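Breakdown of the fold
Single-letter residue listing:
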Amino acid sequence: MLHAMPSIRPLSPELVNQIAAGEVIERPASVVKELAENSLDASAHRIDIEIEQGGMRLIRVRDDGAGIAADELPLALAPHATSKIASFDDLTRVASMGFRGEALASIASVSRMAITSRRAGDDHGTRIEAQGAQTPRPAAQPAGTTVEVRDLFHAVPARRKFLRAERTEFGHIDELVRSLALARPDVEFRLLHNGKPVRMLKPAADESAQLQRAGDLLGDAFARNCLRIEHAAAGLRLSGWIGLPTASRAQADQQYFHVNGRLVRDKSVAHAVRQAYEDVLYHGRHPAFVLFLELDPAAVDVNVHPAKREVRFRDARLIHDFMFHALRDAVAGTRAGETGSGSFPPVMVGAAPYRRMENEPDPFPPRQFGLGVREAPVDAYAALLDTRMADSVPAAPLPDTESGEAPPLGYALAQLAGIYILAENEYGLVLVDMHAAHERVTYEKLKAARDSHQVRAQHLLVPEAVAVSEREAAAAEEYAETLAGYGLELDRSGPRQVTVRRIPAMLDGADAAQLARDVLGELAEHGNSRRLEELQNELLSTMACHGSVRAHRRLTIPEMNALLREMEATERSGQCNHGRPTWTQLSIAELDKLFLRGR
Ligand code: ADP
Ligand code: MG
């Protein structure tokens, strides 16, 4: 039996708004986002956010922005009413956060909302309640706007059901506020929950204060292990911080990319970042970053996603390549013994200085890679070095280099436990993981040799037959030419056997059988599923590992010094191929601290 279709009726305006609200207003944090973005669009310098019961009872956002004229208050509440664009032309170059004119109407349709506003020149404020008659009335209000949203979703039980515990909802709000604060370091943000202050973020006046905001959102570990990025070309400007490979994450959860101040996700940018880190990160590890891309608003379409979390670049290829180059250069700049900016003291691996407030205790005592000298101001160093020279004799005489300056990683003193090289440089003690360091140096050399087609191969005195799986033997056949290009010459000598004839000269002394097995294993596993170019660096890295000094091999002092010099000359030698650190610095100041030796 057929049911008669209900007749077609226009939806009530209220229902229209509720449907629209479903797209952008998911939870209390989305309301906070819309309101705070309106404040930013109104050029606010300060935004106060008060929350009660995770935002389900009350969200109040107060700003000191431009305000709304009394007679325009009812319009602000109307759907599709905005002061931000007027024509299609405007839509193609939106510079504000909002432009669709639906946020306030949507929020009003699922809550009890009131707006109070006053412009700088008005002699009093005006308040309007969205529910009911909507008649504006005079009200006390300093210049700026206050929006109150009560009982969110009270009339939409279906939505209410999806809300989580108060703490969870507040957690989302907190994360959102911190991310807005990160995007707009020039604005003061205050966040209160149930009357208690949670965030009091003063405007960040300079770079280090901005980095502190980043640290607030991503944690101190990030702030202390990141590189400053600053790059401009072709009308594009990229700034921000990227985490050192050693501070990589198991999830892609700390990736903040802003386009003209708007936090967005972008696949092609994510790809550019991955590529830039390709050589220095383990597979499956993700870099942390906070990046700001600025460009002409006309070069980017912001009207492609309901919640504006995505944008479309008019020239996506250009953006991708620009980002890739800027980031790759920065990552490559993490060369041992050199900072990205080349500023004094030049010991740490490219990290931007993160300064804690004076007297603030250090939550992460500098024990890790690259944390050594970052905290002491430059002048203190000079002073430290002077006193040190005056009252102590270096453990070993430091030979002069041509320029008369000691090299960044200093000179070897001894080998420890067959694993570490101890060296002395200008700032104190340098500790090097010799296997990791050598692996990095070998890898970069192999890569350079491959890129210039100059891998020298060396005959094995006796070709070595190696038992492998059938798939590995097949891979040997299939990729024989590629491998020969790397200096690894082998051929299939049976259904499950290959014979190794030559290995790269650089890997002299390596276990040829093990090398072949590892390389073929990798090819057999990934060869079909991934592009060979992608696999190449991994293969080189596998090879490098085999050619590198093993732990427990005794090195002479000249051998150790040779390795230190090679590290200095090698790109990215701050990390081994697996993203592990290769060296660390213990400054004299830190050593003094260990021995409670005041100076
Ligand atoms: P949109 O932001 O897309 O324009 P909204 O519904 O969020 O749409 O806001 C509607 C209009 O109300 C805005 O265009 C703006 O003119 C005004 N408005 C909203 N919030 C504020 C505020 N905090 N300060 C000044 N004007 C505001
Ligand atoms: Mg808006």
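Residues numbered from 1 in each chain as written. Chains lettered and ligands numbered in written order. Predicted model: local features only at pLDDT ≥ 70, side-chain atom pairs only at ≥ 80, totals over all residues. Heavy atoms only, no water.

1. What about the sheet that holds strand S21 (residues 497-504)?
Our working definition: For two strands to count as paired, DSSP must find a minimum of two bridges between them. Every helix listed is a DSSP run of H or I at least four residues long, and every strand listed is a run of E at least two residues long, numbered separately from the N terminus. To get an axis, fit a line to the C-alpha atoms, keeping to the stretch in contact for a helix; angles then go from 0 to 180 degrees between the N-to-C directions.
The three strands lie next to each other as S19-S21-S20, forming an open sheet whose pairing is antiparallel. The open sheet has two edge strands, strand S19 (457-467) and strand S20 (489-494), and neither has a second partner. Across the sheet, the mean angle from the axis of one strand to that of its neighbour is 15°, orientation sign disregarded. Two elements, S20 and S21, share five bridges in a ladder whose sense is antiparallel. Directly across from Gly494, in S21, lies its bridge partner Gln497.

2. Here's the deal with the nonpolar core
Condition: For the purposes of this section, nonpolar cores are sets of buried Ala, Val, Leu, Ile, Met, Phe, Trp, Tyr and Cys residues that join through side-chain atoms within 4.5 Å. Between buried and exposed lies partly exposed: a residue is buried under 20% and exposed over 50% of the maximum accessible area for its type, with that area taken using a 1.4 Å probe on protein chains only. Should any heavy atoms of two residues lie within 4.5 Å, those residues are counted as being in contact.
Of all hydrophobic cores here, the largest spans 44 residues; its most connected members are Leu35, Met113, Ile115, Val149 and Phe189. Beyond its immediate stretch of four places on either side in the chain, Leu35 contacts Ile59, Val61, Leu104, Ile107, Val147 and Val149. Listed in part, the 34 residues of the second largest apolar core include Leu227, Leu236, Leu238 and Ala326.

3. A look at the site of ligand 1
Quick note on the threshold: We call a residue near a given molecule or strand whenever any one of its heavy atoms falls within 4 Å of it. What qualifies as a polar contact is a pair of N or O atoms within 3.5 Å, subject to a donor-acceptor requirement within protein and to the restriction that residues adjacent in sequence count only when both atoms come from side chains. Residue exposure ignores everything except the shown protein chains as possible cover, and the areas themselves are Shrake-Rupley values with a 1.4 Å probe. Residues are grouped as follows: Ala, Val, Leu, Ile, Met, Phe, Trp, Tyr, Cys and Pro are nonpolar; Asp, Glu, Lys and Arg are charged; all remaining types, including Gly, are polar.
The local shell around ligand 1 holds 19 residues, among which Asn38, Thr82, Ser83, Lys84 and Gly101 are the closest. A distance of 3.3 Å separates a nitrogen atom of ligand 1 from a polar side-chain atom of Thr145. Here ligand 1 has 530 Å² of accessible area as a free molecule, and 92% of this is covered by the chains. When residues of the shell around ligand 1 are traced back to their parent elements, those giving at least two are helix H2 (28-41) and helix H5 (103-109). Here the residues of the shell around ligand 1 sort into seven nonpolar, eight polar and four charged.

4. Let's talk about the side chain of Thr116
If you trace the backbone, Thr116 turns up in strand S3 (residues 112-118). Among the polar contacts listed, one links the side chain of Thr116 to the side chain of Arg127, at a separation of 3.5 Å. When sequence neighbours within four positions are dropped, the list of residues in contact with Thr116 reads Thr126, Arg127, Ala139, Ala140, Gln141, Gly144, Thr145 and Thr146.

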